[in-house]
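Observations on the model geometry
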Amino acid sequence: NIDYLNVLKESYNFKVYASFVIQKDNLEDVLGFIDFCEDNEIDSCDFTLLQDWGSFADFNSQAVHKPDHELHYKFLEIINHPKFQKLYPSWLSNY
């Protein structure tokens, strides 16, 4: 578990990183993921956008970062949130 990982990272001097791919199915979880990382002393909380690797039958239905997506406005609200901006202030320059 994460508590044990934190003990190990103190003993062995390593960092714990967590990654999150933003997509329609988890858009509402972005800010909670930041809280989770902060609450559990995760050293780095990284976000990436969904990429089209041919694994979705309809990639565009999941790609909330695309301006023509019906939930793009929600994506923009989340990346404009102070909690997100504290970690990634430069994301706004792309959207």
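You'll find the structure just up there.
The rules behind these values
One numbering rule holds for all chains: residues counted from 1, following each sequence as written. Local features in this predicted model are restricted to residues of pLDDT 70 or higher, and side-chain atom pairs are both shown and tallied only at a pLDDT of 80 or more, whereas totals for entire chains, interfaces and linings draw on every residue. Excluded from the side-chain calculation are hydrogens and water; included are all heavy atoms of the structure. Only DSSP runs of H or I covering at least 4 residues are called helices, and only runs of E covering at least 2 are called strands; the numbering of each starts at the N terminus. Buried residues are those whose accessible area, probed at 1.4 Å on protein chains only, stays under 20% of the maximum for their type, while exposed residues exceed 50% and partly exposed ones sit between those limits. Here, two residues are considered to be in contact whenever any of their heavy atoms come within 4.5 Å of each other. What makes a nonpolar core is a set of buried Ala, Val, Leu, Ile, Met, Phe, Trp, Tyr and Cys residues whose side-chain atoms join them at distances within 4.5 Å. By definition, no residue in a patch forms a salt bridge, and every one has over 30% relative accessible area; like charges are joined within 9 Å, nonpolar side chains (Val, Leu, Ile, Met, Phe, Trp, Tyr) within 5 Å. The accessible surface values rely on the Shrake-Rupley method and a 1.4 Å probe; as for residues, cover is taken only from the protein chains in view. Every case where a carboxyl oxygen of Asp or Glu lies within 4 Å of a side-chain nitrogen of Lys or Arg is listed as a salt bridge. When the sulfur atoms of two cysteines come within 2.5 Å, that pair is taken as a disulfide. Counted as a polar contact is a pair of N or O atoms within 3.5 Å, where, for protein atoms, one must be capable of donating a hydrogen and the other of accepting one, and residues adjacent in sequence contribute only when both atoms are in side chains. Paired strands are those between which DSSP finds at least two bridges. By convention, a crossover is right-handed whenever its connection, traced from the first strand over the helix to the second and viewed with the strands pointing away, goes clockwise.

1. Digging into unusual backbone geometry
The backbone of Asn13 shows a phi angle near 55°, a positive value even though the residue is not glycine. Within the secondary structure layout, Asn13 lies in the loop between helix 1 (2-12) and strand 1 (17-22). With a phi angle near 55°, Glu41 is a residue other than glycine that sits in the positive phi range. The residue Glu41 is located in the loop between helix 2 (30-39) and strand 2 (44-49) in this model.

2. As for the environment of Phe20
With respect to the helices and strands, Phe20 occurs in strand 1. Taking relative accessible area as the criterion, Phe20 reaches 9% and is therefore assigned buried. Distance in space between the C-alpha atoms of Phe20 and Leu71 is 18 Å, their sequence separation being 51 residues. Those residues in contact with Phe20 that sit more than four places away from it in its chain are Asn26, Asp29, Val30, Phe33, Asp46, Phe47 and Thr48.

3. Remarks on the nonpolar core
Ile22, Val30, Phe33, Phe47, Phe75 and Phe84 are the most contacted members of the largest nonpolar core, which totals 20 residues. Of all the secondary structure elements, the ones that give two or more residues to this core are strand 1, helix 2, strand 2 and helix 4 (72-80). No other element matches helix 2, which puts five residues into this core.

4. As for a nonpolar patch on the surface
A surface patch of nonpolar side chains, amounting to about 300 Å² of accessible area, comprises Leu5, Tyr12 and Phe14. Tracing the backbone through its elements, the reader meets Leu5 in helix 1.

5. Side note on the state of the cysteines
Tallied over the full model, the rule gives zero disulfides. The structure places no disulfide on Cys37, whose sulfur is separated from the nearest cysteine sulfur, that of Cys45, by 3.5 Å. When its relative accessible area of 8% is taken as the criterion, Cys45 is described as buried.

6. Notes on helix 1
With a side-chain oxygen lying 3.1 Å from the backbone nitrogen of Asp3, the N-terminal cap of helix 1 falls on Asn1. Phi for Asn13, located one or two positions after helix 1, is positive at around 55°.

7. Examining the pairing of strand 2
Here strand 1 pairs with strand 2 via six bridges, running parallel. What sits directly across from Ser19, in strand 2, is Asp46. For the segment spanning strand 1, helix 2 and strand 2, crossover handedness is right-handed.

8. A look at the pattern of salt bridges
Summed over the entire model, instances satisfying the criterion amount to five salt bridges. Among the ionic pairs, Asp35 bridges to Lys83, the shortest N-O distance being 2.9 Å. Remark: Lys83 occurs in helix 5 (residues 82-87) and Asp35 occurs in helix 2; sequence separation between them is 48 residues. In this structure Lys83 comes out as partly exposed when scored by relative accessible area, which is 25%. Between Lys74 and Glu77 there is a salt bridge, with its nearest N and O atoms 3.5 Å apart. With Lys74 and Glu77 both in helix 4 and three residues apart, this pair spans about one turn of that helix. We classify Lys74 as partly exposed; its relative accessible area is 21%. Looking at Glu77, the relative accessible area reads 44%, which means it is partly exposed.

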